[in-house]
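Fold and contact review
Spelled out from the first residue to the last, the chains are:
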Amino acid sequence: MRHGIRVLAALGATAAALTLTAQPASANSFGPLFADNKAHSFFYDDDLSSKQRSGMDWARKKSLAGPTDMTTSVNRSYNKQVDVWSYATWNPTGDQKKWYAWTTCVKRVSGSSKKCDQFTIVFNNKVPHSNYKSLSCHEIGHSVGLGHASGKNSSYTSANRSCMRGNPDHNYYSKHDKKHINGRY
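So, here is what we can say about the structure in this document. All values reported here derive from a predicted model rather than from experimental measurement. (Residues numbered from 1 in each chain as written. Predicted model: local features only at pLDDT ≥ 70, side-chain atom pairs only at ≥ 80, totals over all residues. Heavy atoms only, no water.)

Quick notes on the pattern of salt bridges
Here the structure, examined in full by the defined rule, presents four salt bridges. Among the salt bridges present, the one from Asp57 reaches Arg60, with a minimum N-O distance of 3.0 Å. Here Arg60 and Asp57 lie together in helix H2 (residues 50-65), a separation of three residues that amounts to about one turn. For the salt bridge of Lys107 with Asp117, the shortest nitrogen-to-oxygen distance reads 3.2 Å. Pair noted here: Lys107 is in strand E5 (residues 101-108) and Asp117 is in strand E6 (residues 115-124), with a separation of ten residues, a long-range link. Look at Asp117 and you get buried, because its relative accessible area is 17%. Three or more residues joined by partner-sharing salt bridges are found here, namely Asp57, Arg60 and Lys61. (Salt bridge = Lys/Arg side-chain N within 4 Å of Asp/Glu carboxyl O. Helix = DSSP H or I, 4+ residues; strand = E, 2+ residues; numbered from the N terminus. Buried < 20%, exposed > 50% of the residue type's maximum accessible area, 1.4 Å probe, protein only.)

Here's what the structure looks like:
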C-alpha cells in the first residue's frame, strides 16, 4: 500500500513539473488591456522633443501601420476620440523616475475590463533614450496590447527580434508580435 502511494506521489510530482515547464518561453503576453479597435489615432503634445515626436511618428507609420492590420492617424488637437495622447514630463513619480517611458490606459471601454479606449504614452525627460524609434515602437506596442518580449523571439541575434524587449534596442515588432496584433484586430 505504501509503495503504491509513493509511486502515485512521484507520478503526480512528475506531471506537475512537466506542466510547469511545458509553456513556450518565446511567447509574449497579450493583454490584459488592448485597444478597442484597429484604428489608432494619436495626439502629440507640444512638450515632446523633436526626437520623441519623430520616434513616435516613425514607429506609428513604419512599425505599426504598415506591417500590421492597424491603421493610424495623427490629430492636430486633443479630443476625447484620440486613442493615444503622447507627452513628456520632467516630474515622474515613484518607479517611473527610472523608466524611459510608460503607457497607461486612462479610459476603459464602458462595460469591458480588457478594452481600453484611450491611452497615454509618457516620455521621461530626465532619463533620455538613445533610440526613440525603438522606445516608441515599444510603448505603442503596449497600447495595442503587447507585453514584454522574452525567449527566442526577442533574442539579440535573432532575425525575429522585437522592440518589445524590456530595454528596447530594435525598431520593429517580431513576426510573433504581428501575429498577435493581426489576430486581435
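Moving on from the model shown.
With respect to the side chain of His40
By secondary structure assignment, the location of His40 is in strand E2 (residues 39-44). His40 gets classed as buried once you look at its relative accessible area, which sits at 1%. Among all residues touching His40, those that are not within four sequence positions of it are Ala35, Leu64, Met70, Thr71, Thr72, Ser73, Asp83, Val84, Ser143 and Val144. (Contact = heavy atoms within 4.5 Å.)

Some thoughts on the nonpolar core
If you look at soluble globular proteins, the nonpolar side chains tend to sit buried side by side. Core analysis: the biggest nonpolar cluster contains 31 residues, and Phe123, Ile140, Tyr173 and Ile181 have the highest contact counts within it. Looking at this core, the elements that each hand over two or more residues are strand E1 (34-35), E2, H2, strand E4 (84-89), E5, E6 and helix H3 (132-143). (Core = buried A, V, L, I, M, F, W, Y, C linked by side-chain atoms within 4.5 Å.)

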